[in-house]
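Results of the structural survey
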Amino acid sequence: MLKKDYDVIIIGARVAGSSLAYELSKAGYEVLLVDRSSFPSDILSTHNFFNNSVAMLREMGVLEQLLQTGTPMYKRAFVQMDDVIIDGIYPEVNGETHCLCIRRKYLDRILFDHAAAQNQVTAMEGFRVTDVLMHKDRVSGIVGVSCDGKREEFTARLVVGADGRHSTLRDLVKSERKMAVPTDFASYVGYFSTYRQEGERCVEFYKMKDNLAIIFPTSDDLFVVGIMFPLEKKEWIEKFKSNPEAGFRELVDVGFSDTTFPERLRESSLVEQIKGLLGYDNDWFQGMGKGWALVGDAVSFKDPAVGQGMHDAIYGARLLTAILSYTDDWETNWELMADKYQTAMESKMMSRYHMACQMTKNTPDTMEQTVVNGLIGSNPDAARAFLGIYNYANEPEALERTLMSLLQEGKSVEE
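To start, this report covers the structure provided alongside it.

The rules behind each value
- Just so you know, the residues in each chain are numbered from 1, in the order the chain's sequence is written.
- Local features are withheld for residues below a pLDDT of 70 in this predicted model, meaning they are given only at 70 or higher, and side-chain atom pairs are given and counted only at 80 or more; totals for whole chains, interfaces and linings count all residues.
- Where side-chain values are given, they derive from all heavy atoms of the structure, hydrogens and water being excluded.
- Only DSSP runs of H or I with at least four residues qualify as helices, and only runs of E with at least two residues qualify as strands; both kinds are numbered from the N terminus onward.
- The atom set for the radius of gyration is the C-alpha atoms, and the globule formula is 2.2 Å times the number of residues raised to the power 0.38.
- Exposure classes here rest on a 1.4 Å probe applied to the protein chains alone. A residue is buried below 20% of its type maximum, exposed above 50%, and partly exposed in between.
- What makes two residues a contact is simply this: any of their non-hydrogen atoms within 4.5 Å.
- The Shrake-Rupley method, run with a 1.4 Å probe, gives the accessible areas here. Residue values count only the displayed protein chains as cover.
- A residue counts as positive if it is Lys or Arg and as negative if it is Asp or Glu; His and the chain ends are not included.
- A charge is said to be at NZ when it belongs to Lys, at CZ for Arg, at CG for Asp and at CD for Glu.
- Planes of paired rings set the category: under 30 degrees apart is stacked, over 60 is edge-to-face and the rest tilted, where pairs are Phe, Tyr or Trp rings (Trp by its six-membered ring) whose centres lie within 6.5 Å.
- Throughout, the arc means the angular range of directions from the helix axis out to the C-beta atoms.

Turning next to the overall build of the protein chain. If you tally the helices and strands in the protein chain, you get 13 helices and 22 strands. Rg of the C-alpha trace for the protein chain: 22 Å, near the compact-globule value of 22 Å for 415 residues, within the 12% margin. Evaluated residue by residue, the protein chain yields a buried proportion of 56% over its 415 residues. Expressed as a percentage of contacts within the protein chain between residues at least 6 apart in sequence, the contacts between residues at least 24 apart total 72%. A total accessible area of about 17900 Å² is found for the protein chain, and carbon and sulfur atoms account for 50% of it. The positive charge centre, built from 45 side chains, and the negative charge centre, built from 61, are 4 Å apart in the protein chain.

In structure tokens form, the structure reads like this:
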């Protein structure tokens, strides 16, 4: 017989939810963790951890189990933006040198089991939340349907939505949408076997005119390949609808012909159905209110091309736990906690949010940007600072300082 009252109820038990359940249990809170799905199950996602996030997985005690799936690690990035090539190693962060792109069917199962194994956590699969309970003006619990069709209610001091970019809790509490920048791109993803890379294993990123591609080595000896093209190109959307694999391969052949990517993809085999998104928003919501909070994609979804989702999910879980642990008197401190949470989240993540917003717009590179790309590609320090933005080894300002120094050196030589 499940108990009915908890300190915290978490809706959504994938990366953000399971990480939060683990962190809260370690802080001494009793947690109910629910998810409408059962595990293992796959989901459309950019499932990459840069090495700063790998460090967090190690600290959580799950990294070794994740590596036992045989998923390979990598530390190199190969980036081609039209005629510019950036080829470098991600800077070390917190003692970690390698990155990990592990499939969600392994990742989510392992994180869920790890959270469920904690003494303070009760975990339920196959539970669909339909409504929230209210006590005066505060959220006080959830109403839902279990996998056997039984309607159940649970109460808590706090209900957290870790239920993704279409968050049920976010809709129920009517969280304010503070920012939204729609993408100009359609995105499609496929998993390929026998894909051949040149040199050391790496992530590949291509931006050729108005087409983008990103390739990660992942689990099961596969590579996950994502391609993006402008939504305005309706003819390509129709090709993908009629024959997804043929459309995928044709776009790669046509859009990336000035790279070695098409030839190597032709040598590889598609192993699963191609999945896609026809547009999405980069958004940011109010993250906390009376009796409720949001983590992960529920609070902010960013263009998958910047690969920040995994980091933000775990970091947000840690941050929310720290905010809640600051005082035991939640009832009279909702506004203070909400302000601290929002401020800290924006301080940490907003620069990468703006990167995603810039990447998601189909605008040609300016002459200035082309010069900047060339400087990054030609200088190891600049390349390191560029890659260091993605894994939080440094902030974007570090790259700006490096570029300014290089420009000043160039002027001095000319004089």
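Now for the packing of aromatic side chains. Centre distance and the angle of the planes are the two values used to describe a pair of aromatic rings. The tally for this structure, following the rule as stated, stands at 22 aromatic pairs. Seen in terms of ring centroids, Phe39 and Phe112 are 5.0 Å apart; in terms of plane orientation they differ by 35°. Their pairing is tilted. Residue Phe39 is located in the loop between strand 2 (31–35) and strand 3 (48–49), and its partner Phe112 is located in helix 4 (residues 104–116); the two are separated by 73 residues in the primary sequence. Phe112 matches Phe39 in its accessibility class, with the two residues each being buried. Each ring, one from Tyr74 and one from Tyr90, has its centre 6.5 Å from the other, and the planes form 70°; the classification is edge-to-face. Of this pair, Tyr74 sits in strand 4 (residues 73–74) while Tyr90 sits in the loop between strand 6 (84–89) and strand 7 (99–101), placing them 16 residues apart in sequence.

Further remarks concern helix 6 (residues 234–242). Those residues of helix 6 not exposed but buried are Trp236, Ile237 and Phe240. When helix 6 is viewed along its axis, its buried side chains cluster within an angular range of 105° and face the same direction. Opposite its buried face, helix 6 presents the exposed residues Lys234, Lys241 and Ser242, each directed more than 90 degrees away.

It is worth spelling out the environment of Ile227 at this point. Take Ile227: it is sitting in strand 16 (residues 222–230). Assessed through its relative accessible area of 0%, Ile227 is described here as buried. With 98 residues separating them along the chain, Ile227 and Val129 place their C-alpha atoms 34 Å apart. Setting aside anything within four residues of it in sequence, one finds Ile227 in contact with Ala186, Ser187, Tyr188, Leu212, Ala213, Phe240, Phe248, Leu251, Val252 and Phe256.

This next bit is on unusual backbone geometry. Cis geometry is found at the peptide bond from Phe39 to Pro40, where omega equals 5°. Note that Pro40 resides in the loop between strand 2 and strand 3. A positive phi angle, close to 60°, is found at Asp221, a residue other than glycine. The topology assignment puts Asp221 in the loop between strand 15 (211–218) and strand 16. Of the residues examined, Asp221 reaches a relative accessible area of 70% and is grouped as exposed.

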